[in-house]
Protein chains: 2
Amino acid sequence: MKPLVIGMAGCGTVGSGLLRVLEENRQWIVERTGRAVQVKHVLVRDLSKPRDLPDGASLTDDPAVLTDDPEVDVLVELMGGIEKPRELIRRAIENGKHVVTANKALLAEDGFGLFRLAEEKGVGLYYEASVAGGIPIVQTLKESLAGNRITSLVGILNGTANHILSEMTSAGLDFETALAQAQELGYAEADPTLDIDGHDTAHKLVLLIRLAYGLEYPYAEMPVQGIRGIDRMDIEFAREFGFRIKLLGQVREVDGRLEAGVFPTLVRHTYLIARVGGAYNAIRIEGNAVGPVFLHGQGAGSLPTASSVLADLMAVARATPPHNTGFQRQVPPKASILPPDDAVSAYYVRVMVPDHPGVLRDLAGAMADHGISIAQAIQKGQDKRGVPLVFMTHEAGARAISDAIEQIRQAGLLTADPVCYRVL
Amino acid sequence: MKPLVIGMAGCGTVGSGLLRVLEENRQWIVERTGRAVQVKHVLVRDLSKPRDLPDGASLTDDPAVLTDDPEVDVLVELMGGIEKPRELIRRAIENGKHVVTANKALLAEDGFGLFRLAEEKGVGLYYEASVAGGIPIVQTLKESLAGNRITSLVGILNGTANHILSEMTSAGLDFETALAQAQELGYAEADPTLDIDGHDTAHKLVLLIRLAYGLEYPYAEMPVQGIRGIDRMDIEFAREFGFRIKLLGQVREVDGRLEAGVFPTLVRHTYLIARVGGAYNAIRIEGNAVGPVFLHGQGAGSLPTASSVLADLMAVARATPPHNTGFQRQVPPKASILPPDDAVSAYYVRVMVPDHPGVLRDLAGAMADHGISIAQAIQKGQDKRGVPLVFMTHEAGARAISDAIEQIRQAGLLTADPVCYRVL
């Protein structure tokens, strides 16, 4: 059978990983699919940079070389960004080529035109590598658990944020030190905004919600709280209560409405998801037939992400009929969204107060005024900002919590900004 | 589109779970695949037993009704056993029907004729439900990680055995009590041989090796050691060293040869696989691109297993071209097998000795005679069988270990049978 010919756009971390795996596992891929995978064009910005290309492949800086070559079967888009890859992918699909992409931002913010076009042209638009690196979560939701109604999904979807939180927990580092270390190790970008502030997790969560529910939770409406400036004091207090703090993307169905968001969250240390360390990712899915399923693996990096790109290429090589969204519909209807203020959760609240009599009474009073019931409280030590008081609440509404904290703030009881995290 | 019509053979735990999920998720399945799944025939032994059948389905005790009805698209085989299901499946395939089965024993001991026939007839032979219940391990190995060379695979593949070990560990039960409890709870069969003695794990391991390596490790050659009569003293000692004892199916590639087997194994308590409790299953796969991937979920039971059967049915409904083995070859070549005696591992060895001076010297001498180096040793307490002496060894060959133990036994140093487990 004739080889599957690919045009690869971008030759950075994932692209060079893909070239390496295609080379190392060349014969294996043929045993699996009956076809070789051959790279014909590699689109790069800088033609002069030396690169190790496979036989038969050549560099170009002209996107049309990939999209317009009738020999190319599949465009592999590994560039990043939004505008340029969208145009490239659109043109490839228009020319009847399949597309494999790792571009979560493009798909999450603005992918529908592409899915519609792919359907029209009868080509595959594959994106296993866009969420959680090497973990086969796209395939699992689209096919393996497809018969289930998904009741909830919780994921650690950003390795950089998880690495920072893990180092803060195990080595007692403060946030700035852990971030600087992650940057030195290459786990964090020079500009870590997308990772640290939760936007990357939110992009991935939007895609997982589409795959699990067949519904669109618009990225712009997703509540997102990142981990920037998280205080190691809170990691320590959480640990005393038996919890780890993790940056989670979460969704669950509550009476036909989706409750979703990205938040630093306390997770009981005995849960598998609390044990996800370093740059690993993990996803826990609960389905109405399968019950809970937990997947764990490397969420980023050259070879793990290339493993997912290659799985998609092999699906194309096997001539699998495209079902790109996992649903008959290519454009999901908008989800009915539970207003974030109505979300109910247990909370961890830490405030800094002056060492005065009556302060605890006033705080507890403000919580009670908003119907919030306290499960545990500790007061411990003192630092230059005051005395830390920590509450673990029973289930409470997000609005009640923020109102109670606002009342406490207004009453002038605080010597520093309060901290408030959900508890899984 | 016309519904996918199925004939279901067997209506026990999994069969009734499938009927329930098909009913509850009826509309959902159509949204996913564009087709309804309709049960037409249900093959049972006892026609008089009252059953809750869906509209349009009827009972039969004649296998030919399923295999010969031209309206039936798929045979779903959930009977168990080997001879009868093989004949049924063969006839269905001969008549051009796809097959979905959960029958690990049939496929592991004697599946090749069926795979060859399915290839010839161009039909799908699906078996996601045959390994690890609701965990999508078949699809993951066949497709998601297909581009990887698998370097190792370790699994907890039998929920009954894991439940018993978990209860012995957490509640301090002895083996007989834990087994009786598991039987009362319905986790263990009246005859628990397949589960307890490791044969069920071995069946599943044979299938996973085919999917991961494209090679046949014959079931009859698989080294298998079960957990029958495991002593809670060993679970306690293991815990003191920081380990849990788990019944693992394992395979890894060593210089082009496969080393595989089923053994009670000590696993460091910090590993995810040590944290698999109760009737759960889990699999850890290591691939040369993806690195380690860990999957965890319910390994048996009505609805989780039905979830996997349904995934296979939906693949058929989407008209996925069959690639039943995950390889071009339908019959894998026999693996080059590392002789079990040559396998290398760290070991846990516990012997019972009389309380005499010089015994430890003689034991240590026997180990040294066979080149086995001791990492840790403890001697603790005494019971009516003697004084327990426990060694954790550095890596040693299986042959050296068994020879050393034999030497110790011959020397008349032991007051009870020795115990010897591998360490992961």
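Quantities reported herein were computed from a predicted structural model and do not represent experimental measurements.

Criteria and thresholds
Residues numbered from 1 in each chain as written. Chains lettered and ligands numbered in written order. Predicted model: local features only at pLDDT ≥ 70, side-chain atom pairs only at ≥ 80, totals over all residues. Heavy atoms only, no water. Axes fitted to C-alpha atoms, helices over the stretch in contact; angles between N-to-C directions. Helix = DSSP H or I, 4+ residues; strand = E, 2+ residues; numbered from the N terminus. Parallel < 35°, antiparallel > 145°, perpendicular 65-115°, else oblique. Left-handed = near helix turned anticlockwise from the far one by under 90°. Contact = heavy atoms within 4.5 Å. Least-squares fit on C-alpha atoms with pLDDT ≥ 70 in both. Pairing = 2+ DSSP bridges. Buried area = accessible area lost by both parts, 1.4 Å probe. Salt bridge = Lys/Arg side-chain N within 4 Å of Asp/Glu carboxyl O. Polar contact = N/O pair within 3.5 Å; in protein donor to acceptor, adjacent residues only side chain to side chain. Nonpolar A, V, L, I, M, F, W, Y, C, P; charged D, E, K, R; others polar. Core = buried A, V, L, I, M, F, W, Y, C linked by side-chain atoms within 4.5 Å. Buried < 20%, exposed > 50% of the residue type's maximum accessible area, 1.4 Å probe, protein only. UniProt positions renumbered as here; feature names shortened; annotations may be inferred. Expected span 1.5 Å × (residues − 1).

> Help me get a handle on the packing of helix α8 (residues 159-171) of chain A against helix α9 (residues 175-184) of chain A, residues and values and all.
Residues and elements named next belong to chain A. One way to put it is that α8 packs onto α9 with a least axis distance of 9 Å and a crossing angle of 125 degrees. When the axis of α8 is compared with that of α9, the two are oblique. In the packing of α8 onto α9, the handedness of the crossing is right-handed. In contact with H163, I164, E167 and M168 of α8, α9 contributes F175, A178, L179, Q181 and A182.

> Break down the relation of the copies chain A and chain B for me, with residues and values.
For these two chains of identical sequence, chain A goes onto chain B by a turn of 180 degrees and a shift of 0.0 Å along the axis, with RMSD 0.0 Å. Given the turn and translation reported, the copies of this chain are related as if by a two-fold rotation axis. Minimal C-alpha separation from the rotation axis in chain A is found for L295 of chain A, amounting to 2.3 Å. With an isologous cut-off of 70% or more, the 100% of interface residues of chain A that recur at the interface of chain B puts this contact in the isologous class.

> Can you lay out the sheet that holds strand β2 (residues 37-43) of chain A for me, pointing to particular residues and giving the numbers?
All names here are of chain A. Strand order across the open sheet formed by six strands is β3-β2-β1-β4-β5-β6, with parallel pairing between neighbours. The open sheet has two edge strands, β3 (58-60) and β6 (125-126), and neither has a second partner. Note that strand β4 (residues 74-77) and strand β5 (residues 98-101) share four bridges and pair parallel. Residue L75 lies in a different strand from β5, and its bridge partner there is V99.

> Mind laying out the interface of chain A and chain B, listing which residues take part and the relevant values?
Facing the 54 residues of chain A at the interface are 54 residues of chain B. When chain A packs against chain B, the two sides together hide about 4700 Å² of surface, and 51% of this comes from carbon and sulfur. Area buried by chain A at its contact with chain B is led by W28, R32 and R318 of chain A, which between them contribute 16% of it. Where R318 of chain A meets E143 of chain B, a salt bridge forms, and the shortest distance between an N and an O atom there is 3.6 Å. Our count for the contact surface shared by chain A and chain B stands at 28 residue pairs in polar contact (both at pLDDT 80 or more). If you list the elements that add at least two residues to the side of chain A that touches chain B, you get α1 (13-24), α2 (26-33), α7 (137-144), α11 (199-213), β11 (291-298) and α13 (302-317) of chain A. With eight residues, β11 of chain A is the single largest residue contributor to the side of chain A that touches chain B. Each residue belonging to the side of chain A that touches chain B can be placed in one class, and the counts come to 26 nonpolar, 19 polar and nine charged. Relative to strand β11 (residues 291-298) of chain B, β11 of chain A is paired through four bridges, and the arrangement is antiparallel. Its bridge partner being in β11 of chain B, L295 of chain A is matched across the sheet by L295 of chain B.

> Can you explain the nonpolar core? Please cite residues and give values.
Where a protein is soluble and globular, its nonpolar side chains tend to be buried together. Ranked by internal contacts, the top residues of the largest apolar core, which has 162 residues, are I137 of chain A together with I137 of chain B. The contacts of I137 of chain B, once residues within four sequence positions are left out, are E128, V131, A132, L208, I283, I285 and L295 of chain B.

> Any chance you could break down the sheet that holds strand β2 (residues 37-43) of chain B for me, citing the residues and the numbers?
Adjacent strands of a sheet form backbone hydrogen bonds with each other and so pair up, either parallel or antiparallel. Residue and element names in this part refer to chain B. Within the open sheet, the six strands sit side by side as β3-β2-β1-β4-β5-β6. Their pairing is parallel. Across the chains shown, the open sheet's two edge strands, defined by having one partner strand only, are β3 (58-60) and β6 (125-126). As paired strands, β2 and β3 are joined by three bridges and run parallel to one another. Bridge pairing in β3 places L43 opposite T60. Contacts from helix α4 (residues 83-94) reach β1 (4-9), β2, β4 (74-77) and β5 (98-101) within the one sheet, and its direction differs from that of β4 by about 170 degrees.

> I'd love a proper account of the packing of α2 of chain A against α13 of chain A, names of residues and values included.
The relative placement of two packed helices is expressed as an angle between their axes plus a distance between the axes. All names here are of chain A. Put simply, α2 and α13 touch, their axes get as near as 10 Å, and they point 45 degrees apart. By the angle between their axes, α2 is oblique relative to α13. For the pair α2 and α13, the crossing hand works out as right-handed. Judged by residue contacts, I29, R32 and T33 of α2 engage L310, M314 and A317 from α13. Residue classes in the contact of α2 with α13 are distributed as four nonpolar, one polar and one charged.

> Quick rundown of the UniProt feature "binding site: NADP(+)" (unreviewed entry) in chain A? Include the residues and the values.
Residues and elements named next belong to chain A. In this structure's numbering, the residues bearing the UniProt feature "binding site: NADP(+)" (unreviewed entry) are A9, G10, C11, G12, T13, V14, G15 and S16. In this structure G10 comes out as buried when scored by relative accessible area, which is 12%. Excluding its chain neighbours within four sequence positions, the residues that come into contact with G10 are G15, L43, L78 and M79. Looking at the element boundaries, V14 is found in helix α1. Not counting the four nearest positions on each side in its chain, V14 is found in contact with L78, S302, T305, A306 and V309.

> Break down helix α13 (residues 302-317) of chain B for me, with residues and values.
Residues and elements named next belong to chain B. Here α13 contains 16 residues, and its C-alpha end-to-end distance of 22 Å stays within 8% of the 22 Å for a straight helix at 1.5 Å per residue. The buried count for α13 comes to 15 of 16 residues, which makes it a mostly enclosed element. Downstream of α13 by one or two residues, A319 has phi in the positive range, about 60 degrees.

> Help me get a handle on the environment of Q410 of chain B, residues and values and all.
All names here are of chain B. With respect to the helices and strands, the residue Q410 is situated in helix α15 (residues 398-410). The exposed category is assigned to Q410, whose relative accessible area is 62%. Engagement of the side chain of Q410 in a polar contact is seen with the side chain of E406, the distance being 2.7 Å.

> Tell me about helix α15 (residues 398-410) of chain A, and please be specific about residues and values.
Turn by turn, an α-helix covers 3.6 residues, leaving residues three or four places apart pointing in a common direction. Residues and elements named next belong to chain A. Along its 13 residues, α15 runs 18 Å from first to last C-alpha, staying within 8% of the 18 Å computed at 1.5 Å per residue. A398, A400, I401, A404, I405 and I408 are the residues of α15 that are buried. Buried-residue contacts for α15 involve β12 (344-353), α14 (359-369), β14 (387-393), β15 (396-397) and β16 (419-423). Note on α15: the residue one or two positions beyond its end, G412, has a positive phi of about 70 degrees.

> A description of the pairing of strand β9 (residues 257-268) of chain A should follow, citing residues and the corresponding values.
All names here are of chain A. With ten of twelve residues buried, β9 is to be regarded as a mostly interior element. Relative to β9, strand β8 (residues 243-254) runs antiparallel, the two sharing twelve bridges. Residue pairing for β9: V254 is matched across the bridge by R257. Between the end of β8 and the start of β9, which pair antiparallel, lie two residues, with D255 showing a positive phi angle near 50 degrees. In this sheet, β16 lies alongside β9 in parallel orientation, the contact comprising two bridges. The residue of β16 that forms the bridge with T265 is R422.

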